[in-house]
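The residues making up each chain are set out below.
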Amino acid sequence: MNDDVRNIVLGVIAAGVSAALGWLARTSLWRRGLRRQQAFFGLPDHSESLLVVNRNAGGPELSVMRHDVFALLELSALIKDCHAHAQVVAHDAARQGFGERTEFCLGGPASNRRMAAHLSSLLPGVRVNMEADAAQDRWAFRIDGTDYPLDGGRSEYALLARLTAGERRDARPVFLFCGQTAVSNQAAARHLARHHERLARKYGTGSFALLLKVVNSEAYGPDVVELVADVTRAARTPLPEPAAAGTE
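Caption draft 1: Geometry of the sheet that holds strand E2 (residues 85–90). With mixed pairing, seven strands are arranged side by side in an open sheet as E2-E1-E3-E8-E7-E9-E10. One side of each edge strand has no neighbouring strand; the edge strands of this open sheet are E2 and strand E10 (225–230). Each adjacent strand pair in this sheet contributes to an overall mean axis angle of 20 degrees, direction not counted. Across six bridges, the pairing between strand E1 (residues 48–53) and E2 is parallel. Note on E2: the bridge partner recorded for Leu50 is Gln87.

Caption draft 2: The sheet that holds strand E4 (residues 126–128), seen in detail. In spatial order, the strands read E4-E5-E6; together these three strands make up an open sheet with antiparallel pairing. The open sheet has two edge strands with one neighbour each: E4 and strand E6 (146–148). The mean inter-strand angle of the sheet, taken between neighbouring strand axes irrespective of direction, is 25 degrees. Strand direction decides the pairing type here: strand E5 (residues 141–143) and E6, joined by three bridges, are antiparallel. Opposite Ile143, over in E6, you have Thr146 as the bridge partner.

Caption draft 3: Structural detail: helix H2 (residues 66–81). Look at H2: 23 Å from first C-alpha to last across 16 residues, which is about the 22 Å you get at 1.5 Å a residue. His83, located one to two residues past H2, shows a positive phi value of around 60 degrees.

Caption draft 4: Fine view of the packing of aromatic side chains. Applying the stated criterion across every chain, the model contains eight aromatic pairs. Seen in terms of ring centroids, Phe41 and Phe104 are 6.3 Å apart; in terms of plane orientation they differ by 40 degrees. Their pairing is tilted. One end of the pair, Phe41, is in helix H1 (residues 3–41); the other, Phe104, is in strand E3 (residues 102–106), with 63 residues separating them in the sequence. Each member of the pair, Phe41 as well as Phe104, is classed as buried. The positively charged end of Arg162 is found above the aromatic ring belonging to Phe40, 5.5 Å away from the centroid.

Caption draft 5: Focus on helix H3 (residues 113–122). Restricting attention to buried positions, one finds in H3 the residues Arg114, Met115, His118, Leu119 and Leu122. Taken around the axis of H3, the buried residues stretch over an arc of 135 degrees, which confines them to a single face. The outward face of H3, more than 90 degrees from its buried face, is lined by the exposed residues Arg113 and Ser120. Where H3 is buried, its residues meet E1, E3, E4, strand E7 (155–163), strand E8 (174–179) and helix H6 (232–236). N-cap assignment for H3: the residue whose side-chain oxygen lies 2.9 Å from the backbone N of Arg114 is Asn112.

Caption draft 6: Inspection of unusual backbone geometry at higher detail. Notably, His83 is not glycine yet its phi reads approximately 60 degrees, a positive angle. Positionally, His83 belongs in the loop between H2 and E2. Residue classification places His83 among the partly exposed residues on the basis of a relative accessible area of 34%. With a phi angle near 55 degrees, Asp144 is a residue other than glycine that sits in the positive phi range.

Basis of the calculations
- Residues numbered from 1 in each chain as written.
- Predicted model: local features only at pLDDT ≥ 70, side-chain atom pairs only at ≥ 80, totals over all residues.
- Heavy atoms only, no water.
- Pairing = 2+ DSSP bridges.
- Helix = DSSP H or I, 4+ residues; strand = E, 2+ residues; numbered from the N terminus.
- Axes fitted to C-alpha atoms, helices over the stretch in contact; angles between N-to-C directions.
- Expected span 1.5 Å × (residues − 1).
- Phe/Tyr/Trp six-rings, centres within 6.5 Å; stacked < 30°, edge-to-face > 60°.
- Buried < 20%, exposed > 50% of the residue type's maximum accessible area, 1.4 Å probe, protein only.
- Lys NZ or Arg CZ within 6 Å of the ring centre and 35° of its normal.
- Arc of directions from axis to C-beta.
- Contact = heavy atoms within 4.5 Å.
- Polar contact = N/O pair within 3.5 Å; in protein donor to acceptor, adjacent residues only side chain to side chain.

What follows is the structure in structure tokens.
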């Protein structure tokens, strides 16, 4: 074998080794990223999760609004990326506890009984005004003494939360997408889909509650979202009981 042939053979071998090492490195990084994503969502390979759907407020019991369907599609893509499976359940049919399976709960407390239960037990510091005679204040959020009213099509608020209950290390999380409108529900789901890597780096597998503001949804739909505040501590702190009548 002359020098030219030997150099060609060595070049081919070196290229093959470099390609193999590059492939191994990329595969290792991909697997590491997948494991972080699976840990954040509580979705190991072939695990099961729940997509709890609301109903169109004031409409038929199982009528889901178009933007809520879009939100479910975005969440389904995240679940598929984790190599997991999803079961769609109506809000009034999900009669079970939490922690056994990851849950994605969509919609405000007026249209989703499951959401109302989660807010009461997991985020007792959040109040949503659902009074029919509340006029302009209806659907307003109240957190830490501040009101966040709905101005439909201009400014709409949503809570995006990742929560675990109890001390179990293997407890699966509950993700809440509690918006004042169907558009803000989708905006919260899209925010999670776009920023879950950053959220995982910041919060790990811990709990958080973020207040989001959807800006000018009439023009931009669910795409323009501002982070108003991290309200985790205030939202998880029970509100003081109102004073009894006749007491000082």
